[in-house]
Structure formats: C-alpha cells, structure tokens
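A look at the structure
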Amino acid sequence: MEPLSLNVLREKYLSFFESKGHLRLESFPLVPQNDNSLLLINAGMAPLKPYFKGERVPPRKRVTTCQKCVRTLDIDNVGKTSRHGTFFEMLGNFSFGDYFKEEAIPWAWEFLTKVLEIPESRLYPSVYVEDDEALEIWVKTGVPRERITKLGKDDNFWEIGAGPCGPCSEIYFDRGPEFGCGKPDCGPGCDCDRFLEFWNLVFTQYDRQEDGSMPELPHRNLDTGMGLERMAAIMQHKTANYDGDLMQHLIKLGEEISGKTYDADDYSGASRSLRIIADHSRGVYFMISDGILPGNEGREYVLRRLLRRAVFHGRLLGIEGAFLTKFIDEVNAQMGEAYPELLKNVALVKGIVASEEERFSTTLDNGRVYLDE
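What counts, and at which threshold
Residues numbered from 1 in each chain as written. Predicted model: local features only at pLDDT ≥ 70, side-chain atom pairs only at ≥ 80, totals over all residues. Heavy atoms only, no water. Axes fitted to C-alpha atoms, helices over the stretch in contact; angles between N-to-C directions. Helix = DSSP H or I, 4+ residues; strand = E, 2+ residues; numbered from the N terminus. Parallel < 35°, antiparallel > 145°, perpendicular 65-115°, else oblique. Left-handed = near helix turned anticlockwise from the far one by under 90°. Contact = heavy atoms within 4.5 Å. 1 Å grid on protein atoms, 1.4 Å probe; cavity = no way out; pocket = protein on both sides within 12 Å on 5 of 7 lines; lining within 4 Å. Points joined across faces, edges and corners; volume = space filled by probe spheres on them. Nonpolar A, V, L, I, M, F, W, Y, C, P; charged D, E, K, R; others polar. Salt bridge = Lys/Arg side-chain N within 4 Å of Asp/Glu carboxyl O. Buried < 20%, exposed > 50% of the residue type's maximum accessible area, 1.4 Å probe, protein only. Pairing = 2+ DSSP bridges. Phe/Tyr/Trp six-rings, centres within 6.5 Å; stacked < 30°, edge-to-face > 60°. Lys NZ or Arg CZ within 6 Å of the ring centre and 35° of its normal.

1. Observations concerning the packing of helix 7 (residues 245–258) against helix 10 (residues 324–335)
Two elements in contact, helix 7 and helix 10, have axes separated by 10 Å at closest approach and are oriented at 155°. Judged by the inter-axis angle, helix 7 sits roughly antiparallel to helix 10. The two elements helix 7 and helix 10 meet at a crossing, and its hand is right-handed. In this structure, helix 7 uses Leu-246, His-249, Leu-250, Leu-253, Gly-254 and Ile-257 to contact helix 10, whose residues at the interface are Lys-326, Phe-327, Glu-330, Val-331, Gln-334 and Met-335.

Written as structure tokens, this is what we have:
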C-alpha cells in the first residue's frame, strides 16, 4: 500500500473509470445551476440530478467526476474533530440507466485492491439488510461472506421522501484494533473509530410513491461517492483528514505566519485555529472563484462567515496583519493544475479577500477598544 498524494490519487481514480468507458467531466461550479433546492453544491451527484431524473440527456451514460463541494451544517465542529470540514472534493462514478451492481462492485474492489493495492484484509463492505443481490455479488467478487456486514435503513438505504431511492453498499477501512472499542461485536457501523467508511455505492432502483410503495424504476442508476481527503489520509497512513498532504501544506503555512506549533492530537487552542484557517481559506478561494461575493444573505453570507471565522482565528493565534491572501498562493501551488479556474481569477480573489479582511479587522479592533474601556 504505497503512500499517494491527494493529486495522484485523484488522477488514478478518474483514469481508472475512464478505462471502464466513463466520460471524465470537469467539476461543476459550487453555485447550483437551475436548482433552487441547494445554496451550494454539497455532494458529487448534486449537479447530475437532471440526468438521474431524466430531465436532461447525459453526455454519456457513464460519467466520472471529482466534484468540489461545500457543506456548513457542522461548521462549529470544524477543527474540533479529525473529519469535519467545509470544503472537500468528492470522487464519483455514475451510471444513467447503463451498468449496475454487477459491474460497480467488482470495479470498486479492483480499484482498491489492484490499483491502490490496499490489503484485502483491511477492507470491509456493508450491504442493506434486504439486499441479498449485492451480498452475493460481493461474495462472487472474492470477499469472504463473514467480512460483509448487513446494516439497516439508517446506514444503507438512500432516500429523500418520494422519488428515486435504493439500497447502498458502503466500504470501510479497518484502522486496527487500537482504534476500536474492544467490544466483541465491533465492526462496520460501530460508533468507535476503528472502521472508517470511505466509499458509498448507491443503487438507485426504486421509485418511492407517496403511499410508501416502491415499484422498480424502468432504468436503474448508479451513484457513488468517495471523499478524496479521507481516502488520501488512508493512503498516507494518517488518522485524520487534516493530516493528509494538502491540508498539511496549509497548516504549515499557518504555523509559519503565526509562530504557533500544530499538534495533530490536540483539538483545541492553536491547533484547532490552524485547522479552521486551513479549511476556511481554501473554501473561500473556491467560492469566490466560482462567482460568489461576500454578503449578508444565502451563499454570500456563507462565504462571509467562513472568511471572517478565518480572520478571527488568525487573531486568536496572534496574527495582527492581513494574511489570508498568502493562503491563496498556497492553494494555487497545490490545486491549480487540477482546477485551472483558480489561476484565472487570482487577482480578483485576492482583492476581494483583502478588502473583506481589512473591513472585518477594523470591526475587531473597534470591538477590542470597547472591551478595554
């Protein structure tokens, strides 16, 4: 299991599914197109909903993407845990009425065990408790039946009200007994930190009706999602997303600017602030590059909140001057090749960030004067 950088891992995934007949699409913008149900793209499949619903004809029935995403529901936990973040990349391979479980499961296993060379003994699939079809395909693929866990709807069935839905098959990585709870029944789905879920295969095969019935869809679809940062941490033998190569470049920059030292095992104080700045600065850059400006409503407020939280935690670290534009240069160095749109908007983004940082810094300074008085 050779350590792989995040950039190499991204390319390996996309190239693998290109070899299986998938069309590689560039990431869609973070601003949803013709979709008022979302403020920001928050999952790899979100921009592809028109293809899944049959509202638009896909460019090919097999597609693979690495989609930039932003989620802020758990913003208060960012920096406090090993996995919470706002901006992330989601790898996915999708089928619009083409292939299904019989191909998706063996391909997933092939990518993990042959391309990434992850030891089979550390991989544990789960299936929906009623999905014997997926179970038998995993067994046929070569996974011992005793290493496949059946889980209920909360874990292994995807649905959002009426409409397309279906069972899931998640793949877990065994981090080792030292991360476990010690219970005899510890396994995938346990609340402890031993088994880490990193890839979800969603088999959209039913059409849930208002009365609760679920007839089969005329065309079965496949939707998968793998968190790139989480997978990179696994491949680099790290225990946290923030300890992977990309985030460490940003955290080390924060150390240089602030003079503080990062401790991977500390989820408070300076280490928490360094994580927040690394995470938020990257999200801010991508959001502005996709045309979002700081404001007081909707996605504009999300951007302003991320930017101001980063500035505030810089102050907590003792950073007095403007500093966020330095993170833009580091993100460019690490991600500019994969996302060329970043390089087209550097000057614009830096100007917006500097202006907003200066404005908020003035607010903080005035507030500090009032507190002193």
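What follows continues from the structure just given.
2. As for the layout of surface pockets
Each pocket or cavity is described by its volume, and for the second largest pocket that value is around 500 Å³. Taken together, 18 residues form the lining of the second largest pocket, with Arg-10, Glu-337, Ala-338, Tyr-339 and Pro-340 sitting closest to its centre. Put simply, the parts of the chain that give the lining of the second largest pocket at least two residues each are helix 1 (6–18), strand 1 (23–25), helix 10 and helix 11 (341–344). No other element matches helix 1, which puts four residues into the lining of the second largest pocket. A per-class count over the lining of the second largest pocket returns eight nonpolar, three polar and seven charged.

3. Here we look at the pattern of salt bridges
Taken as a whole and assessed by the stated rule, the structure comprises 23 salt bridges. Of the charged contacts in the structure, one is a salt bridge between Asp-131 and Lys-101, with a shortest N-O distance of 2.9 Å. You can see Asp-131 sitting in the loop between strand 4 (123–128) and helix 4 (132–141) and its partner Lys-101 sitting in helix 3 (residues 101–115), a full 30 residues away along the chain. Residue Asp-131 is classed as buried on the basis of its relative accessible area of 5%.

4. Describing the pairing of strand 3 (residues 87–96)
When you tally the buried positions in strand 3, you get 10 out of 10 residues, the bulk of the element. Residues of strand 3 alternate between two faces, with Phe-87, Glu-89, Leu-91, Asn-93 and Ser-95 on one and Phe-88, Met-90, Gly-92, Phe-94 and Phe-96 on the opposite face, all of them buried. In this structure, strand 2 (residues 62–70) lies alongside strand 3, joined through nine bridges in antiparallel fashion. Note that in strand 3 the partner of Lys-68 across the bridge is Glu-89. Where strand 3 and strand 9 (residues 216–227) come together, five bridges link them in antiparallel fashion.

5. Regarding the side chain of Ser-273
Structurally, the position occupied by Ser-273 is in helix 8 (residues 269–289). On the accessibility criterion, Ser-273 (4% relative accessible area) is buried. Apart from residues no more than four positions distant in its own chain, Ser-273 is found in contact with His-313, Leu-316 and Leu-317.

6. With respect to empty space enclosed by the protein
On inspection of all chains with the given rule, the structure shows three cavities of 30 Å³ or more. By volume, the largest cavity amounts to about 50 Å³. Ser-281, Val-284, Tyr-285, Leu-324, Ile-328 and Val-353 together form the lining of the largest cavity. For the lining of the largest cavity, the secondary-structure elements that each account for two or more residues are helix 8 and helix 10. The greatest single-element share of the lining of the largest cavity, amounting to three residues, is contributed by helix 8. Partitioning the lining of the largest cavity into residue classes produces five nonpolar, one polar and no charged.

7. Structural notes on the packing of helix 1 against helix 3
Helices that pack against each other are described as a pair by the angle of their axes relative to one another and the distance between those axes. With their axes 11 Å apart at the nearest point, helix 1 and helix 3 run at an angle of 130° to one another. In terms of orientation, helix 1 and helix 3 fall into the oblique class. In this structure, the crossing between helix 1 and helix 3 has a hand that is right-handed. Two secondary-structure elements touch here, helix 1 through Lys-12, Tyr-13, Phe-16 and Phe-17 and helix 3 through Trp-107, Glu-110, Phe-111 and Val-115.

8. Overview of the packing of aromatic side chains
Pairs of aromatic rings are described using the distance from one ring centre to the other and the angle between the two planes. The full count for this structure, using the stated rule, is 19 aromatic pairs. Their ring planes at 50° and their centres at 4.9 Å tell us that Tyr-13 and Phe-17 sit as a pair that is tilted. Of this pair, Tyr-13 and Phe-17 both sit in helix 1, four residues apart, roughly one helical turn. Overall, Tyr-13 belongs to the buried group, its relative accessible area being 0%. Look at Phe-52 and Phe-96: their rings are 4.9 Å apart centre to centre, the planes differ by 65°, and that puts the pair in the edge-to-face class. One end of the pair, Phe-52, is in helix 2 (residues 49–52); the other, Phe-96, is in strand 3, and 44 residues separate them in sequence. No difference in accessibility class separates Phe-52 from Phe-96, as the two residues are buried. Counting every residue linked through ring pairs, the aromatic cluster contains Tyr-13, Phe-16, Phe-17, Phe-111 and Trp-199. Just above the ring of Phe-157 sits the side chain of Lys-153; from NZ or CZ to the centre is 5.3 Å. A cation sits over an aromatic face here: Arg-175 above Phe-179, 4.3 Å from the ring centre.

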